[in-house]
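Here is how the chains run, residue by residue.
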Amino acid sequence: NSRTVFLLSQLEKINLDSVFGAPDNARYVTSKILHLVQSQEKTRKEMTSKGSTGIEVILSTLEVKYFNFCSYGLIAVLHFIIMEYVRGGGRRASVIVTKGGTQILLQLLLSASKDSPPNEELMVLLHTLLAKIGPKDKKIGMKARINGALNISLNLVKQNLHNLRLVLPCLQVLRVYSTNSVNAVSLGKNGVVELLFKIIGPFSKKNTSLMKVALDTLAALLKSKTNARRAVDKGYVQVLLTIYVDWHGHDSRHRYMLIRKGVLQCIKSVTNIKLGRKAFIDANGMKILYNTSQDCLAVRTLDPLVNTSSLIMRKCFPKNRLPLPTIKSAFHFQLPVIPASGPVAQLYNLPPDVDDVVDESDDNDDAETESEIETENDDDKDQHFKNDDIETDINKLKPRQELGRSIEELKMYEQFFPELSENFQEWDLVSKEPKPFVPGANLSGPIVVPTASEE
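Residues numbered from 1 in each chain as written. Predicted model: local features only at pLDDT ≥ 70, side-chain atom pairs only at ≥ 80, totals over all residues. Heavy atoms only, no water.

Engineer: Which residues make up the side chain of His-248, and what are the values?
Structural biologist: Of note, His-248 is situated in helix α16 (residues 236–250). You can call His-248 buried: its relative accessible area is 16%. Not counting the four nearest positions on each side in its chain, His-248 is found in contact with Arg-260, Thr-292, Asp-295 and Cys-296. (Helix = DSSP H or I, 4+ residues; strand = E, 2+ residues; numbered from the N terminus. Buried < 20%, exposed > 50% of the residue type's maximum accessible area, 1.4 Å probe, protein only. Contact = heavy atoms within 4.5 Å.)

Engineer: Lay out the packing of helix α10 (residues 150–159) against helix α11 (residues 164–177) with the relevant residues and their values.
Structural biologist: Axis separation between α10 and α11 bottoms out at 9 Å; the angle between their running directions is 145°. Crossing of α10 over α11 shows left-handed handedness. From α10, Leu-150, Ser-153, Leu-154, Leu-156 and Val-157 reach across to α11, where they touch Leu-166, Val-167, Cys-170, Leu-171, Val-173, Leu-174 and Tyr-177. Its residues assigned to classes, the contact of α10 with α11 comprises 11 nonpolar, 1 polar and no charged. (Axes fitted to C-alpha atoms, helices over the stretch in contact; angles between N-to-C directions. Left-handed = near helix turned anticlockwise from the far one by under 90°. Nonpolar A, V, L, I, M, F, W, Y, C, P; charged D, E, K, R; others polar.)

Engineer: Outline the environment of Gly-101, supporting the account with residue identities and numerical values.
Structural biologist: Of note, Gly-101 is situated in helix α7 (residues 101–112). What makes Gly-101 buried here is its relative accessible area of 0%. It is 8.8 Å that separates the C-alpha atoms of Gly-101 and Ile-55, two residues lying 46 residues apart in sequence.

Engineer: If you had to explain the packing of helix α4 (residues 54–63) against α7 to someone new, which residues and values would you point to?
Structural biologist: Between α4 and α7, the least distance of the axes is 10 Å, while the angle of their chain directions is 30°. As summarised for this structure, α4 and α7 are arranged roughly parallel, according to the angle between their axes. Where α4 crosses over α7, the two elements pack in a sense that is left-handed. Between α4, through Leu-59, Leu-62 and Glu-63, and α7, the contact on the second element is made entirely by Gly-101, Ile-104 and Leu-108. Its residues placed into classes, the contact of α4 with α7 shows 4 nonpolar, 1 polar and 1 charged. (Parallel < 35°, antiparallel > 145°, perpendicular 65-115°, else oblique.)

Listed below in structure tokens is the structure:
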């Protein structure tokens, strides 16, 4: 009965109509819906309320290739429904995901990228929507890779590196894509790591939001061992430490703690491999993080920086086996017999600063990609997963009670507990004579003790 319902019904009829004048009518109806969504919160709630088909009508209209010219208006409608008002935005984003909006937006992104040059306004809206609904869709990384939309955002960043308005939503989408390890490896091969190091840099009060998103994206990408090794080979560990020291020195009022934490997250990711830890030690990272952590101890709000720095230093500190025949250990444990040659003698002959613990973090680099693919293919099976390690048999869970001594040894105490033996006699009140004890009989009844007169 409302104006919104009437316009949505008109748009739905236009989708089913093949008359030549349909595009003009679709443009008119779309503009009216966009005006209502921009001006009235009631309309936004009505389109996403339970039982409403507003989102379905808009998404079905976006699927019709005949109406590509009005896609911008409909995408703007979705943008205002989700983005302009934070309250309820997460729930509304979930509604779009459940209606299949992710797939439609990726297809629109692919078709819009074929224009030369691409429509900047349309690209900004599409990437903003994908960045918002991406965390609500666990399979968005796989969908983007299958649809061929994975490198579109990366190419836009390369071509518009100084266009903050376009680069920021593109990086937000890349951050969502990078949570998938297969996508992280693919993006790394196309030069995304080198590109992000062109964006992040020393202390500057300009474009701090872009810096934060770029660091979060880089930290997600460096979780891949392939990308981490690429960053080490390029010497980026030293660059990250230099950037962190610069931000630490200039951020005297601690307004940019999140950016400093983002740099530490990148260092934490790159030190997951042995090459990264070695590069960290060679770049004097221990001393840098220790000194900066000492400066942060007095400020309670900087505890996340101290905690992350501690984790990095503990992870990168050389590990040695016991016994330690060096000054590192407070105690000296000497083996009784040390062969003149062999692995034990080799460990004892190593210099004190050498990490002699076997490190397998750099092995099986391709296993992460294969495991991620298997995970994506088995998503449906995971829903019916059953943990076989949990014991469900009650009888097996009961502890077994075993006697500490044998029956023969316990018979010596029989005289102290006659009620437990077969010789126990119960007094019969009727016949006034003792009767033999029958095990299991009269256990529920009261125990009667004869009085002195009855005896």
